[in-house]
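Coordinate inspection notes
Chain residues, written in single-letter form:
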2 protein chains.
Amino acid sequence: MENVEAECRGLAEVIARIGDKWTVMVCGHLSEGTHRFNALKHRIPGISHRMLTITLRGLERDGLVARKAYATVPPKVEYCLTPLGQSLTGPLAALASWARENRPALEQARAAFDRRAAQD
Amino acid sequence: MENVEAECRGLAEVIARIGDKWTVMVCGHLSEGTHRFNALKHRIPGISHRMLTITLRGLERDGLVARKAYATVPPKVEYCLTPLGQSLTGPLAALASWARENRPALEQARAAFDRRAAQD
DNA sequence: CCGTATCCAAGTAGATACTG
DNA sequence: CAGTATCTACTTGGATACGG
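Rules and cut-offs
Residues numbered from 1 in each chain as written. Chains lettered and ligands numbered in written order. Predicted model: local features only at pLDDT ≥ 70, side-chain atom pairs only at ≥ 80, totals over all residues. Heavy atoms only, no water. Salt bridge = Lys/Arg side-chain N within 4 Å of Asp/Glu carboxyl O. Helix = DSSP H or I, 4+ residues; strand = E, 2+ residues; numbered from the N terminus. Buried < 20%, exposed > 50% of the residue type's maximum accessible area, 1.4 Å probe, protein only. Least-squares fit on C-alpha atoms with pLDDT ≥ 70 in both. Contact = heavy atoms within 4.5 Å. Pairing = 2+ DSSP bridges. Disulfide = S-S within 2.5 Å. Near = heavy atom within 4 Å. Polar contact = N/O pair within 3.5 Å; in protein donor to acceptor, adjacent residues only side chain to side chain. Nonpolar A, V, L, I, M, F, W, Y, C, P; charged D, E, K, R; others polar. Core = buried A, V, L, I, M, F, W, Y, C linked by side-chain atoms within 4.5 Å.

Some points on the pattern of salt bridges
Under the criterion given, the structure shown has 16 salt bridges over all chains. Note that Arg57(A) is salt-bridged to Glu60(A), the shortest N-O span being 3.7 Å. A residue pair is termed a helical-turn pair when its members lie 3 or 4 positions apart in one helix, as Arg57(A) and Glu60(A) do in helix α4 (residues 49-61) at 3 residues. Given the relative accessible area of 29%, Arg57(A) is considered partly exposed. On the basis of relative accessible area, Glu60(A) is assigned to the buried category, the value being 19%. In this structure, Arg61(B) and Asp114(A) form a salt bridge, with 2.8 Å as the shortest nitrogen-oxygen distance. Of the two residues, Arg61(B) sits in helix α4 (residues 49-61) while Asp114(A) sits in helix α5 (residues 83-118), which places them in two different chains. According to the relative accessible area criterion, Arg61(B) is partly exposed, its value standing at 31%. Taking the relative accessible area as the measure of exposure, Asp114(A) reaches 32% and is therefore partly exposed.

Some details on unusual backbone geometry
Backbone torsion omega between Val73(A) and Pro74(A) reads 0°, so that peptide bond is classified as cis. Here Pro74(A) is to be found in the loop between β2 (65-70) and β3 (76-81).

Structural notes on the relation of the copies chain B and chain A
Once turned by 180° and shifted 0.0 Å along the axis, chain B lies on chain A with an RMSD of 0.1 Å. Those values place the two copies in the arrangement expected of a two-fold rotation axis. Identified as the residue of chain B closest to the rotation axis by C-alpha distance is Gly19(B), at 2.4 Å. The share of interface residues of chain B whose copies in chain A are also at the interface is 100%, consistent with both copies meeting through the same surface.

Focus on the sheet that holds strand β2 (residues 65-70) of chain B
In spatial order, the strands read β1-β3-β2 (chain B); together these 3 strands make up an open sheet with antiparallel pairing. With partners counted over all chains shown, the strands left at the sheet margins are β1 (35-36) and β2 of chain B, one partner each.

Quick look at the state of the cysteines
A full pass over the atoms with the stated rule returns 0 disulfides over all chains. Cys8(A) forms no disulfide, and the closest cysteine sulfur to it belongs to Cys27(B), at a distance of 8.6 Å. What makes Cys8(A) buried here is its relative accessible area of 5%. No disulfide involves Cys80(B); its sulfur sits 12 Å from the nearest other cysteine sulfur, which is in Cys27(B).

Section: the protein's contact with DNA strand D
Near DNA strand D there are 19 residues, and of these His49(A), Arg67(A), Lys21(B), Arg50(B) and Met51(B) occur at the shortest range. A share of 58% of the atoms of DNA strand D within 4 Å of the protein falls on sugar and phosphate groups. His49(A) is positioned with one of its side-chain polar atoms (N or O) 2.4 Å from a base nitrogen of DNA strand D. Side-chain polar atom of Arg57(A) to a phosphate oxygen of DNA strand D: 3.5 Å apart, as the coordinates give it. Secondary structure elements with two or more residues in the surface near DNA strand D: α3 (37-43), α4 and β3 of chain A together with α4 of chain B. Ranked by residue count, the leading element in the surface near DNA strand D is α4(A), at 4 residues. Grouping the constituent residues of the surface near DNA strand D by class yields 8 nonpolar, 4 polar and 7 charged.

Regarding the nonpolar core
Inside soluble globular proteins, nonpolar side chains tend to come together where they are buried. Core analysis: the biggest nonpolar cluster contains 66 residues, and Leu30(A), Leu56(A), Leu30(B) and Leu56(B) have the highest contact counts within it. Those residues in contact with Leu56(A) that lie beyond four places of it in its chain are Val26(A), Leu30(A), Phe37(A), Leu40(A), Val65(A) and Tyr79(A).

Here you go:
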């Protein structure tokens, strides 16, 4: 491949962007359809109120997620993927697929490495 | 897609694994062929000696990179991708491609968001 | 040349409490 | 129900120095 430097920088930026603790989980659930704030919170085990807010705000800022607030009492806010966000699900699914297929190999490699390291 | 929960967890694990500051850069350069430690260090601007060691050790542990040390003076250590590591470059390239195509849209979305936020 | 250890600054995320 | 602010613990990564 030509121009590894530039390709890597672009890739590194995306990875850095979505590589935090919660972003892929949020995207994954939104890829199934529109969800309310609390619906997401309940479907993503372990996420705090604060982190869900921050994660959604970041995705909204990047144009990957659309936010729609209804001026009702109590408030109701819906989130869904934008077309740009949906276009990201393809590449992510490819990576998820790789993860599923190669997890055993990874775990085996880790175990073998740790066994060798323990022999010191 | 069925089973979003499980797919996301697998995906989240890979992203967490390769989502640190240097891993994709190292993989990108190794995808071009075998390199010595210092060759990598000089090709990856900004990486510290320590972080390159840690990054390579992590990749080696997961079976993505192979390490070959020559008992010479001075020492010589070569790193290259394993077949497993090479299999990861496909999905990563898809993501890099997405990054290249959609960077302008991302930056535009960010600018628009920040402009709206500044209107408070 | 390559690897490791120590120290430390900065970033990240959880808990909690409060607001509209 | 959704969002914000504050405080704090933990993790990450850079600088530096030393060892094989």
